[in-house]
Structures are given as structure tokens and as C-alpha cells.
Amino acid sequence: MIQAIGRRAVTAVEAVGQVGHFFQDMVRALPDVRTWVGPAIVQMRRVGVDSLPVALFIAAFTGVVLALQASYTFTGAVPLYFVGTLVGKTMMLELGPVLAGLALAGRVGASMAAELGTMKVTEQVDALETLAYDPYAYLVVPRVIAGTLMFPIIVAFAMATGIVTGWLTSLALLDLSTNDFLKGLKLFYVFKDIWFGLFKSATFGFTITLVGCIVGLDTRGGAQGVGRATTHAVVYSAILILVLDAFWAVVLL
Amino acid sequence: MIEFQDVHKAFGPKRVLEGFSLKIRDGETVVVIGFSGSGKSVALKHIVGLLHPDAGDVIVDGQAVSTLDRQGLTAVRRTIGYVFQFAALFDSMTVAENVGLGLRRRGLSAEEIEDRVREALALVDLSGTDDQLPAELSGGMRKRVGIARAIALRPRYILYDEPTTGLDPVTSAVIDRLMIRTREHLGVTGVVVTHDMRSAYTVGDRIAMLYEGKIRQVGGVTEIQETEDPLVRQFIEGRPE
């Protein structure tokens, strides 16, 4: 029993050390701009453009549900124009960044872990090293930069989409006028609502891509190992997104 | 010159190399033979710093690989071409992009890269496959692309990890001929890891048998063929006992 606890403690400490080393190697690779700038542009397109439809789809339906649930909750107690307030605040502060983050943890994090994991088990990462490339500069830095820069852009579009679908739902199903929806939307709006959501989503992008890369490059054991890495990337990213979400709420709000 | 000096390497409780010492002189091709899992590929990876020894060292051109910083290691790697067991081609790149990737790193112009890629593919009899993806190639062709990627760099040394494993006898003979042609045309020093004895006799100047983490016997092809060491005999004759 004590031995098992000890073993787990050692494994946990080793994992922290491993992440520390990984982070150090990534920072060391940053000045090698010539190596990472080209792949970073490719990754920005893959992370950004290719992920946009998923994020917008989720945001569109979230906006609809938010408007309807707000109206249901407020009925008879709170003026209906507060639907605009709730849709706006929730999309900007919470659901825009978090739902997009969770969805993209599945899409981006899993695909990065699978891609790098396959490269690792088929010795492509070793091949890169023998060709005098630094795998951190060629594989990790472009992905993490792409995630950190593109997530806020995706989330900005998701926020706008959720608010628009919330507004359209209010017009079509709640007998709320555009003026009333906008009145509610502006009521408690502060600029911090936007930058808080976007900053948070940048940290989610950083975390998801970093986890995808760490888990991917640590893959061992063929196809089964790649499958395991993919699952781990999604689970760890989702947990870290929720932890970070709470952390930023405590620190920044 | 490449020299293994009393190299020890273990993975957890499994000791793979235990006092492995071997000198590879400039211009020769040394074939390292041994049972599956005996540590041949592990030894090869020490030369390019993909693995680091627990004790002892590998010396390449007078430099101890494990003591080099990232820059020093990169400089050593630029003198070495590595042919992986399953070719390790980049799936998302075409044949030409695979062969040219290492050249891009060396800062060559686009025309120079194109010329070198064409020349390397011609040397492995794969002219005209430039735009194909690795998935469209047979196993033997993939290995030849792997060799082209290594020789395009015009290295001083080429390391071959199981170059004929999994290939039919005719394709294996083609790969053997390529390795000989590479040595003759480019004058490179070669280290070949294999358990294919026909290939070992064809391409090797010397053959070294790795057993239980260290060299059991090293010598010329005839010397190995006529060995009286029962274990080496068993291996080269492929007898179960």
C-alpha cells in the first residue's frame, strides 16, 4: 500500500519534471525563427480556419438555448430585455471560450497528439533530429504559437455568432424587439468582458496545443500507444481548461 | 572515425549494452550482426546522439557525442546520414520534399536542392518519383527513398538500420548493391546493422557480432565465415541450437 503510494508520488513528480523540461526545450527553440515560421503559418490555417465551423456550430446553438432559457427563467420576475444581457455576458465571459475550448480540445488536441504520436512511433521524429532539425522548433513551437494566436480569433467569431443567434431567437420566438435586445446587451457591458474572454481563450489554446504536443511526443508502443495518447490529450486538456477557467475567474474578475 | 568506447546502456532493469567497444575506420563498411533485441539499433542511435550512454562514450571524429551541446551535436549530425529500419519518411511530404528536407536545413538554394534531389533519386534508381507520396510506394522503394535522403546530404558516414529487413531476396539484393554503389561513388564510411547474413557478406568489409551487450567477435568476412566460435557459427548458419 505504502509502496504503491510512493510509486505514484514518484511518477507524479517525474511527470512534473518532464513537463518542465519540455517547456524549457520549447522556450530554447523560440529563437530558431527560420525553422518554425513556415510550419507555424501552416498550423495557423489548420487550427484556425479548419476549426472555425465546429466552433461556430456550437456557438450558434448555444446562443439559441441561452436566449430561450433566460426568457424561461426571467418570466414574470425580470424585464425580458435582460435576455440580451445574459446572452451577451455569458457568451463573452464563459460559454464562448469554454465550449469552443472543450470542442477544440477534442479536435485540435487529439489530432496533434495522434499526428505527433504517429511520427514518434514511426521514427519520423528521430529522422528529423538526424537531419539536424530541432523537433521542438519544427513541430512544437509552430503548433503552440498557432493555438495561442488562433484560439482568440475563433472564440471572437464564436462570441459574435452566439449573440447573433440569441438575438434572432429573441426576435423570432420571444417577442423581443431588436432595440430591447440591444438595450439589455449594452446594460452591464464593459470592455473587460471581451478581453477577459479572449485572453482566457488564448491560454486555452496554449494549453490544448502544449498538452497535445507533450502527450504526442511521449507516445510509445505503436498504434495502441497512439490511441492512448489521443485519449490522454483530450482528457488532460479538458480538465486543464476547466481548472484554468476557475483560476482566471478568481484572479481576473 | 567512429569509436564506441566501453558503452553501457540500460532501459530500466534491462541492460542492453554492457561494455560495447568497436572502432569503425574511415572508408570501411562495418556490419554489426546479432540476435533480435540484442541492442544493434540502440548502438547505432548512440552515434547520432538519439540515445545517450549510461557509461562510456561514442567518439565521432574525435568528439565525444554525449558531451556535445545542441550546436555541437547538430554539427556532428550534419556529417552523418541515417537510414531507418522502416525508412521513417514524412507521410505528408512528397518523395522530393523528403529527400530535400535535410538540404533545406543546410541553407542550399532551391536550384541546388532540386539538383541534389534529382541526383540522389537517380542514384537509387527512383528518377521520376519526385511527386509521389510515401504511401504510394512499395516497401523497397521507401527504403531506397530513405537511402536517397541520406546520400543527398553527401555525408561522411552513413548508418543503415536493418536495411533489408522485410524485403524479398531480389529487392534485398538491390539495396545491397545500392549500399556498395554509395560507398564506391561517395567514399562514405558505413555502419550497417542487420541479421541478414547474405547482406552482411555482400556489403561488409568487417563484421562484428554483438552478443549480451558486447562484441563477441569482429573480423573480415572470411574470418567470420570460418569462425570456430560456436555461438557465432550458430548465428551465421541460422541453426536453432
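Each chain has its residues counted from 1, following the order in which its sequence is written. Just so you know, chain letters begin at A and ligand numbers begin at 1, following the order they were written in. At least 70 in pLDDT is required for a residue's local features to be given in this predicted model, at least 80 for side-chain atom pairs to be given and counted, and no such filter applies to totals for whole chains, interfaces and linings, which use all residues. With hydrogens and water stripped out, all remaining heavy atoms of the structure feed into the side-chain values.

**Notes on the overall build of chain A**
The following threshold applies: The way it works is that DSSP assigns letters per residue, a run of H or I at least four long becomes a helix, a run of E at least two long becomes a strand, and they are numbered from the N terminus. For this analysis, residues touch if any pair of their heavy atoms sits within 4.5 Å. Only the protein chains shown count as cover for residues, and all accessible areas are computed by the Shrake-Rupley method using a 1.4 Å probe. None of His or the chain ends enter the tally, which takes Lys and Arg as positive and Asp and Glu as negative. Lysine's charge is taken at NZ, arginine's at CZ, aspartate's at CG and glutamate's at CD.
Across its full length, chain A holds nine helices and zero strands. Element order for chain A, N to C, with α for helix and β for strand: α-α-α-α-α-α-α-α-α. On the principal axes, the C-alpha backbone points of chain A span a range of 65 × 50 × 30 Å. For chain A, long-range pairs separated by at least 24 residues make up 85% of all intrachain contacts whose partners lie at least 6 apart in sequence. Taken as a whole, chain A presents about 12000 Å² of accessible surface, with 72% of it coming from carbon and sulfur. Of note, chain A has its 16 positive side-chain charges centred 3 Å away from the centre of its 15 negative side-chain charges.

**Describing a nonpolar patch on the surface**
Convention followed: Only residues whose relative accessible area exceeds 30% and that form no salt bridge enter a patch; like-charged residues are grouped when within 9 Å of one another, and nonpolar side chains (Val, Leu, Ile, Met, Phe, Trp, Tyr) when within 5 Å. Salt bridge criterion: a side-chain nitrogen from Lys or Arg within 4 Å of a carboxyl oxygen from Asp or Glu.
Nonpolar side chains collect at one region of the surface, where V235, Y236, I239, L240 and V243 of chain A lie side by side and expose about 430 Å² of accessible area between them. The residue Y236 of chain A is located in helix α9 (residues 222–252) in this model.

**Details of the sheet that holds strand β1 (residues 2–11) of chain B**
Residues and elements named next belong to chain B. Here is the rule we go by: Following DSSP output, two strands are said to pair if at least two bridges run between them. Note on geometry: axes are lines fitted to C-alpha atoms, helical ones only across the stretch in contact, with angles between N-to-C directions running from 0 to 180 degrees.
Taken in spatial order, the four strands line up as β2-β1-β4-β5 in an open sheet, and their pairing is antiparallel. Of all strands in the sheet, those bounded by a partner on one side alone are β2 (14–24) and β5 (63–64). Across eight bridges, β1 lies against β2 in antiparallel orientation. Bridge pairing links A10 to R15 in β2. Together, β1, β2 and β4 (55–60) form the strand contacts of helix α1 (residues 40–47), whose direction differs from that of β1 by roughly 120°.

**Some points on the packing of helix α1 (residues 2–29) of chain A against helix α6 (residues 135–173) of chain A**
Residue and element names in this part refer to chain A. Put simply, the test is: Orientation is classified from the angle alone, with under 35 degrees giving roughly parallel, over 145 giving roughly antiparallel, 65 to 115 giving roughly perpendicular, and any other angle giving oblique. Note that Gly is not counted as nonpolar here; it falls among the polar residues with everything else outside the nonpolar set of Ala, Val, Leu, Ile, Met, Phe, Trp, Tyr, Cys and Pro and the charged set of Asp, Glu, Lys and Arg.
Where α1 contacts α6, the two axes come as close as 9 Å, and the packing angle between them is 95°. With respect to each other, α1 and α6 are oriented roughly perpendicular. Here F22, D25, M26, R28 and A29 of α1 come into contact with α6, specifically with Y136, A137, V140, V141 and V144. Per-class residue counts for the contact of α1 with α6 are eight nonpolar, no polar and two charged.

**Digging into the pattern of salt bridges**
Convention followed: Think of it in three bands: residues with accessible area under 20% of the maximum for their type are buried, residues over 50% are exposed, and the middle band is partly exposed, with areas taken using a 1.4 Å probe on protein chains only.
Per the counting criterion, the structure on display carries 31 salt bridges over all chains. E115 of chain A is the salt-bridge partner of R46 of chain A, the closest N and O atoms lying 3.0 Å from each other. You can see R46 of chain A sitting in helix α2 (residues 33–49) and its partner E115 of chain A sitting in helix α4 (residues 82–121), a full 69 residues away along the chain. Note on E115 of chain A: relative accessible area 24%, which makes it partly exposed. In this structure, D125 of chain B and R177 of chain B form a salt bridge, with 3.8 Å as the shortest nitrogen-oxygen distance. Of this pair, D125 of chain B sits in the loop between α4 (110–123) and α5 (139–151) while R177 of chain B sits in helix α6 (residues 169–186); the two residues are 52 residues apart in sequence, bridging distant segments of the chain. With a relative accessible area of 42%, D125 of chain B lands in the partly exposed category. Classification of R177 of chain B by relative accessible area gives partly exposed; the value is 47%.

**Topic: the interface of chain B and chain A**
Buried accessible area, meaning the area lost when the parts come together, often serves as the stated size of an interface. Short version of the rule: Each of two parts loses accessible area, computed with a 1.4 Å probe, when they are put together; buried area is these two losses added. N or O atoms closer than or at 3.5 Å make up a polar contact, with two conditions inside protein: a donor-capable atom paired with an acceptor-capable one, and, for residues adjacent in sequence, both atoms drawn from side chains.
With 23 residues of chain B at the contact, the number on the chain A side is 19 residues. Across the interface of chain B and chain A, roughly 1900 Å² is buried in total on both sides, 53% from carbon and sulfur atoms. Ranking the residues of chain B by area buried against chain A places R70, F90 and R105 of chain B at the top, with a combined share of 35%. Where chain B touches chain A, the interface holds six salt bridges. With a shortest N-O distance of 2.9 Å, K45 of chain B and E123 of chain A are connected by a salt bridge. The tally of links between chain B and chain A comes to seven residue pairs in polar contact (both at pLDDT 80 or more).

**Side note on α5 of chain B**
The condition that has to hold: One less than the residue count of a helix, multiplied by 1.5 Å, gives the span that helix is expected to have.
With 13 residues, α5 of chain B should cover 18 Å at 1.5 Å per step; its first-to-last C-alpha distance of 19 Å lies within 8% of that length. In terms of burial, α5 of chain B is largely enclosed, as 10 of its 13 residues are buried. Of the positions making up α5 of chain B, those classed as buried are G140, K143, R144, V145, G146, I147, A148, R149, A150 and I151 of chain B. Each element contacted by the buried residues of α5 of chain B is listed here: α5 (124–130) of chain A together with β6 (80–83), α3 (95–105), α4, β7 (157–161) and α6 of chain B.

**Notes on the confidence of the model for chain A**
To be explicit about the condition: A score between 0 and 100, pLDDT records how confident the predictor is in each residue.
The share of residues in chain A with pLDDT of 70 or more is 100%, and the mean pLDDT across the chain is 93. The least confident element of chain A is α1 of chain A, whose mean pLDDT is 88; the most confident is α6 of chain A, at 96.

**Overview of the domain arrangement of chain A**
All names here are of chain A. Applicable threshold: Each domain's limits were defined by an automated method or a database of domain assignments.
We note that the domain assignment places domain 1 (1–30) and domain 2 (37–252) within chain A. Computed over C-alpha atoms, the centres of domain 1 and domain 2 are 27 Å apart. Between domain 1 and domain 2, the residue contacts involve nine residues of the former and 13 residues of the latter. A buried area of about 900 Å², summed over both sides, lies between domain 1 and domain 2, and 80% of it is on carbon and sulfur atoms. Three residues stand out in domain 1 for area buried against domain 2, namely F22, M26 and A29, and they jointly supply 57% of the buried area on that side. Scanning the region where domain 1 abuts domain 2 turns up one salt bridge. The closest approach of N and O atoms between R28 and D134, which form a salt bridge, is 3.1 Å. Our count for the contact surface shared by domain 1 and domain 2 stands at two residue pairs in polar contact (both at pLDDT 80 or more). A class-by-class count of the residues in the side of domain 1 that touches domain 2 yields six nonpolar, one polar and two charged.

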